[in-house]
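Here are the chains, one letter per residue:
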Amino acid sequence: MARSPFLFNCHDLPRRAGEMREYELTVSDHEGLGFDVLSIEKDEPIYIDLKIESVSEGVLASAHIESVAVGECGRCLEKLEFDIEEDFQELFEYEKDTRQKSKKDKKSKNDEDEEDELEVRQMDGDEIDLDGPIRDAIILNLPLNPLCKPDCQGLCPDCGEKIEK
C-alpha cells in the first residue's frame, strides 16, 4: 500500500501542552481532489501553512490551504480555474496505551455510539494524517455548479453557441 502524501511527522513537537511549531509544506504527489466538473488535478501543488500545537489530548493541527481547481462552467461548459483558499483545525489524539486498563476503558454502549458520531482522529506514533481534514476542507467548499461568471447565460438552445450579452 502506498504511503499517503499527507502524512506529517510530529516527532520534533514535544509532548508538553503549549508547545508549537509552524511549517510551510507543498504536496504535489497526490490523487485528484474534487468532482468531475471541478477538481484539483492529480499532482497539482497544494500549499499548506501548518501550525501544530501540543495539547493535553494530543496534537492540534491548524492549516491554511491554497491550490487551484480546474473544471468547466455548469452553464456554458467553458474551461475555468477556481482559486482555493481554505482553513481547517483538527485534533489528533495520542495513541491509547493498550497496556493500561482503567474505568474509562469500560464504556457503555451509549458512550461508544456518541464517540463514533464525533469521529476522533488518532495519531499513528508521531504521525498525523492530514488527508481527511484537507479533503474535507477542499471538497466540502467547492461549488457544485461552478460558473465562469455569475451572470453566465449558458448555451443557446438552437445553435449551441455561448450566449453573450
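Predicted, not measured: the structure shown is a model, and the values here were computed from it.

Next up on the list: the environment of G74. For G74, the position within the fold is in the loop between β6 (58-72) and β7 (79-93). Through-space distance from the C-alpha of G74 to that of P146 is 5.5 Å; in sequence the pair is 72 residues apart.

Attention now moves to the side chain of E127. In this structure, E127 sits in strand β9 (residues 127-129). Among the residues examined, E127 registers a relative accessible area of 15% and is labelled buried. Once residues lying within four places of it in the same chain are set aside, the contact partners of E127 are R3, L7, F8 and N9.

Once that is clear, we can look at the confidence of the model for the protein. Looking at the protein, pLDDT values average 86 and 85% of them are 70 or higher. Ranking the elements of the protein by mean pLDDT puts helix α1 (residues 109-118) last with 54 and strand β5 (residues 46-54) first with 96.

We note that D43 has phi near 70 degrees; this positive angle belongs to a residue other than glycine. Within the secondary structure, D43 is located in the loop between β4 (38-40) and β5. Even without a glycine there, the phi angle at L77 is positive, about 65 degrees. Within the secondary structure layout, L77 lies in the loop between β6 and β7. What makes L77 partly exposed here is its relative accessible area of 49%.

Attention now goes to the pattern of salt bridges. Using the criterion set out here, one finds 9 salt bridges in the structure. K42 serves as the salt-bridge partner of D43, at 3.5 Å between the closest nitrogen and oxygen. We classify D43 as partly exposed; its relative accessible area is 33%. One network of salt bridges, in which partners are shared, links R16, E19 and R21.

Taken together, the side chains of E22, E24, E41, D49, E66, E81, D83, E85 and D87 make up a negatively charged region of the molecular surface. Listed by contribution, the elements that provide at least two residues to the negative patch are β2 (20-27) and β7. A total of 4 residues in the negative patch trace back to one element, the largest contributor, which is β7. Along the chain, the position of E81 falls in strand β7. On the basis of relative accessibility, which here comes to 61%, the residue E81 falls in the exposed class.

Conventions adopted
- Residues numbered from 1 in each chain as written.
- Predicted model: local features only at pLDDT ≥ 70, side-chain atom pairs only at ≥ 80, totals over all residues.
- Heavy atoms only, no water.
- Helix = DSSP H or I, 4+ residues; strand = E, 2+ residues; numbered from the N terminus.
- Buried < 20%, exposed > 50% of the residue type's maximum accessible area, 1.4 Å probe, protein only.
- Contact = heavy atoms within 4.5 Å.
- pLDDT = per-residue confidence, 0-100.
- Salt bridge = Lys/Arg side-chain N within 4 Å of Asp/Glu carboxyl O.
- Patch = residues over 30% accessible without salt bridge, like charges linked within 9 Å, V, L, I, M, F, W, Y side chains within 5 Å.
- Areas by Shrake-Rupley, 256 points an atom, 1.4 Å probe, with all protein chains shown as cover.
- Lys, Arg positive; Asp, Glu negative; His and termini not counted.
- Charge placed at Lys NZ, Arg CZ, Asp CG, Glu CD.

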